[in-house]
Amino acid sequence: MQNAKDSFYMALRTRLATINPERTILLRGAVRPGILVEETEAPMNQLPSDVFVLRWLGLGTDSDLPATMAREQCEIIYQTCGTQSFGGLDRGRSLSEMDEEILAMTVPHHTQKLDFTATPPAAMLTQVFWDEPAFASIVIQRDQLSRTATVLVYSYQEQGE
Amino acid sequence: MTATWFQAPAPVARRVRAFFAPVNRSAQTPVLFDPAQQGRFSLDAPPAPWISLGWIQNFVRKPLSKSAPMLAGIPASPLEQVRETLEAQVSLEFLSWTKLTMALATGSQHMNILAAAIGATASANGAQAVPAVTPQSGSNATQIMLAATDAQEFQVGSIVAVDVDNTGQTGYVGSPVVGAYIRQAIADVDYIRRVTFNVALVSAVSNSGLTLAEPLPGGAPVAGAKVQAVEGFVDREGGSFYHEWSALFVLEGSQGERVFFHYPRLQAAVGAEETVTPLSSKQQSGQSRVLLNGRFIALPVTDPLDNERVVCYRSFLPAANALV
């Protein structure tokens, strides 16, 4: 299941770099596309603004099939205060921009499953696929707007996983 | 050892895509889909003459063929089976209203509402039309060359119909899709442009003619074709004409596998009907989407491979590396 999680994240990250190359984050001394997986970074008191944070939650399996299917729930959390140049008055627009980027990043709704323990990553036999994101209501905290989009990510367990 | 294959579970798909192509009614020739040569086509660029009608929903296939046992012996028991009837139906909902989806979802002629001449007598199909204009040489599927005075009659955003005059002919009319069957000569000179599927949206107008936002389905205007502005579309409950289409429904699975349902001959089984669906399940009386319902009866073809009569082909292209 880790391969599916890794493949999903890397698909979104690669697509984001194309959709909005300016959305980046400086993380551990490196500038990267503005999307990260919470569980693979040091614990944070506060999530960074203007980037997408993937948080893996629920897990379900269906083992009655020829290949066990895993369904993993991924929350994509993002928040913004708008830009300084507009005094934060564009925070609604900034959040809408991030909404649209999530929609664009998740299309097409599948990607090749890759094994990232190999270098370079090795293509596996199946595809990881997912549903359309379900957007939650905006949460307002003073000048900060945040939202969570939930995506159900499906994959088949392959031999050796 | 690294696995090079996997056991694929049943296909998982989000939605179904529909493609239609007109049956050549005069020659009684359906359009055939060849899964061997065309199976991996891009769903956004179907092979000619297939026309994409986009995603559909509530796609339901009903095989209605009946088999019956041949009984023998005392007491009688089944000896063999025979197929008594050959029939199938398909139903679906189109997610858009276009000339083609409306035509498919109605049981009779589908007409263009031609822009009416000033002072013309009212008619349920649209009044007598503004006279058609003649394309000039150099026209093609996306560019209709016109005299400057003719071009001024059209505006950006208007729809045009391009086809020949009705000169009293009978039989199947309309190009490239048969729009009607004329049993007895009709006086309306614009009748063929009323039923033609050769329509497109105008994206630009200049003194030299019209630029179209999409190619005319019939390609460059044929000799004798004329152009008229279209206000919208109209169809009727009743009538004796049935459109006939070849249809291809594609279900693309999560692992890249594809299932094709190919009906060489489909005719509408019911008149025009719609389904109204509230946009919000929590507010039934709020905004609602109106979807065109299509219900079709499949007609048989004789498969030249073995001369069997069939109504549908179901093809499956497995996912890469999947055990079969």
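Calculation criteria
Residues numbered from 1 in each chain as written. Chains lettered and ligands numbered in written order. Predicted model: local features only at pLDDT ≥ 70, side-chain atom pairs only at ≥ 80, totals over all residues. Heavy atoms only, no water. Helix = DSSP H or I, 4+ residues; strand = E, 2+ residues; numbered from the N terminus. Contact = heavy atoms within 4.5 Å. Areas by Shrake-Rupley, 256 points an atom, 1.4 Å probe, with all protein chains shown as cover. Lys, Arg positive; Asp, Glu negative; His and termini not counted. Charge placed at Lys NZ, Arg CZ, Asp CG, Glu CD. Pairing = 2+ DSSP bridges. Domains from an automatic or database assignment. Buried area = accessible area lost by both parts, 1.4 Å probe. Salt bridge = Lys/Arg side-chain N within 4 Å of Asp/Glu carboxyl O. Polar contact = N/O pair within 3.5 Å; in protein donor to acceptor, adjacent residues only side chain to side chain. Nonpolar A, V, L, I, M, F, W, Y, C, P; charged D, E, K, R; others polar. Buried < 20%, exposed > 50% of the residue type's maximum accessible area, 1.4 Å probe, protein only. pLDDT = per-residue confidence, 0-100. Phe/Tyr/Trp six-rings, centres within 6.5 Å; stacked < 30°, edge-to-face > 60°. Lys NZ or Arg CZ within 6 Å of the ring centre and 35° of its normal. Axes fitted to C-alpha atoms, helices over the stretch in contact; angles between N-to-C directions. Parallel < 35°, antiparallel > 145°, perpendicular 65-115°, else oblique. Left-handed = near helix turned anticlockwise from the far one by under 90°. Expected span 1.5 Å × (residues − 1).

A.B. asks: Honestly, the overall build of chain B in this entry has me stumped. Any pointers?
C.D. replies: When its secondary structure is counted, chain B shows four helices and 20 strands. In terms of overall dimensions, chain B has a C-alpha envelope of 80 × 60 × 50 Å along the principal axes. Within chain B, contacts between residues at least 6 apart in sequence are counted, and of these 68% link residues at least 24 apart. Carbon together with sulfur atoms contributes 52% to the accessible area of chain B, which is approximately 16,800 Å² in total. If you average the places of the 22 positive and of the 24 negative side-chain charges in chain B, the two averages end up 5 Å apart.

A.B. asks: Teacher, can you tell me more about the pairing of strand E6 (residues 110-115) of chain A here?
C.D. replies: In the case of a regular strand, side chains alternate between the two sheet surfaces. All names here are of chain A. Relative to strand E7 (residues 122-130), E6 runs antiparallel, the two being bridged by five bridges. Paired with Asp115 across the strands is Ala122, a residue of E7. Hairpin remark: E6 followed by E7, antiparallel, with six residues in the connecting loop.

A.B. asks: What is the right way to read the domain arrangement of chain B from this model?
C.D. replies: Accessible area lost on assembly of the parts is the figure often given for the size of an interface. Residues and elements named next belong to chain B. Here chain B is partitioned into domain 1 (16-69 + 78-107 + 242-317) and domain 2 (111-235). For domain 1 versus domain 2, the separation of C-alpha centres amounts to 29 Å. Between domain 1 and domain 2, the residue contacts involve 11 residues of the former and 13 residues of the latter. Of the roughly 1,000 Å² buried between domain 1 and domain 2, counting both surfaces, carbon and sulfur atoms make up 71%. For domain 1, the biggest contributors to the area lost against domain 2 are Arg25, Lys99 and Met102; these three give 56% of the whole. Our count for the domain 1 to domain 2 interface comes out at zero salt bridges. Our enumeration of links across domain 1 and domain 2 arrives at two residue pairs in polar contact (both at pLDDT 80 or more). In terms of residue count, helix H2 (residues 99-104) provides more of the side of domain 1 that touches domain 2 than any other element does, four residues in total. Here the side of domain 1 that touches domain 2 is composed, by residue class, of six nonpolar, three polar and two charged.

A.B. asks: I keep staring at the environment of Val60 of chain B and nothing clicks. Help me out?
C.D. replies: Residues and elements named next belong to chain B. Counting through the fold element by element, Val60 comes out in strand E2 (residues 51-63). A relative accessible area of 36% means that Val60 is categorised as partly exposed. Spatially, the C-alpha atoms of Val60 and Leu114 are 35 Å apart, while their sequence positions differ by 54 residues. For Val60, the contacting residues outside a window of four places in its chain are Gln89, Val90 and Ser91.

A.B. asks: In this structure, what is going on with the confidence of the model for chain B? I would like to understand it.
C.D. replies: Caution is warranted with low-pLDDT regions, since their predicted coordinates should not be read in detail. For chain B, the average pLDDT comes to 94, and 99% of its residues sit at 70 or higher. Overall fold confidence (pTM) sits at 0.90, and the ipTM for the predicted complex is 0.85.

A.B. asks: Whenever I open this one, the packing of aromatic side chains confuses me. Can you help?
C.D. replies: Aromatic ring pairs are described here by two measures, namely the spacing of the ring centres and the angle between the planes. All names here are of chain B. On inspection of all chains with the given rule, the structure shows 17 aromatic pairs over all chains. With centroids separated by 5.7 Å and ring planes inclined at 40°, the aromatic side chains of Phe59 and Phe261 adopt a geometry described as tilted. Here Phe59, found in strand E2, pairs with Phe261, found in strand E15 (residues 258-268); they are 202 residues apart in sequence, far enough to count as distant. Take Phe59 and Phe261: they sit in the same class, and that class is buried. Among the aromatic side chains, those forming a connected cluster through ring pairs are Phe20, Phe59, Phe94, Phe249, Phe261, Tyr263 and Phe296. The lysine or arginine in question, Lys99, covers the ring of Phe197, its NZ or CZ lying 4.7 Å from the ring centre.

A.B. asks: What exactly am I supposed to notice about the side chain of Gln109 of chain B here?
C.D. replies: The topology assignment puts Gln109 of chain B in the loop between H2 and strand E6 (110-114). Once you skip the residues sitting within four places of it in the chain, Gln109 of chain B turns out to touch Gly179, Ala180, Tyr191, Val234, Asp235, Arg236, Phe241 and His243 of chain B.

A.B. asks: Mind showing me how you'd approach the side chain of Arg147 of chain A here?
C.D. replies: All names here are of chain A. Among the structural elements, Arg147 can be located in strand E10 (residues 144-156). Given a relative accessible area of 15%, Arg147 falls into the buried group. Within polar-contact distance, the side chain of Arg147 engages the backbone oxygen of Ala136 at 2.8 Å. Residue contacts for Arg147: discarding those within four places in its chain leaves Ile76, Ile77, Tyr78, Leu95, Asp99, Phe135, Ala136, Ser137 and Ile138.

A.B. asks: Looking at this structure, I do not really get the packing of helix H1 (residues 2-19) of chain A against helix H2 (residues 91-105) of chain A. What am I missing?
C.D. replies: Each pair of packed helices can be summarised by the angle the axes make with each other and by the distance between the axes. Residues and elements named next belong to chain A. It is the contact of H1 with H2, at a shortest axis distance of 9 Å, that shows an interaxial angle of 125°. Relative to H2, H1 is oriented oblique. The element H1 and its partner H2 pack so that their crossing is right-handed. Across from Leu12, Arg15, Leu16 and Ile19 in H1, the residues of H2 making contact are Glu101, Ala104 and Met105. Class assignment for the residues of the contact of H1 with H2 results in five nonpolar, no polar and two charged.

A.B. asks: Got a minute to help me understand H1 of chain A in this structure?
C.D. replies: Side chains of residues three or four places apart in an α-helix project in the same direction, reflecting 3.6 residues per turn. With 18 residues, H1 of chain A ought to run about 26 Å at 1.5 Å a step, and its terminal C-alpha atoms sit 25 Å apart, in line with that. Of all the residues in H1 of chain A, the buried ones are Asn3, Ala4, Lys5, Ser7, Phe8, Tyr9, Ala11, Leu12, Arg15 and Leu16 of chain A.

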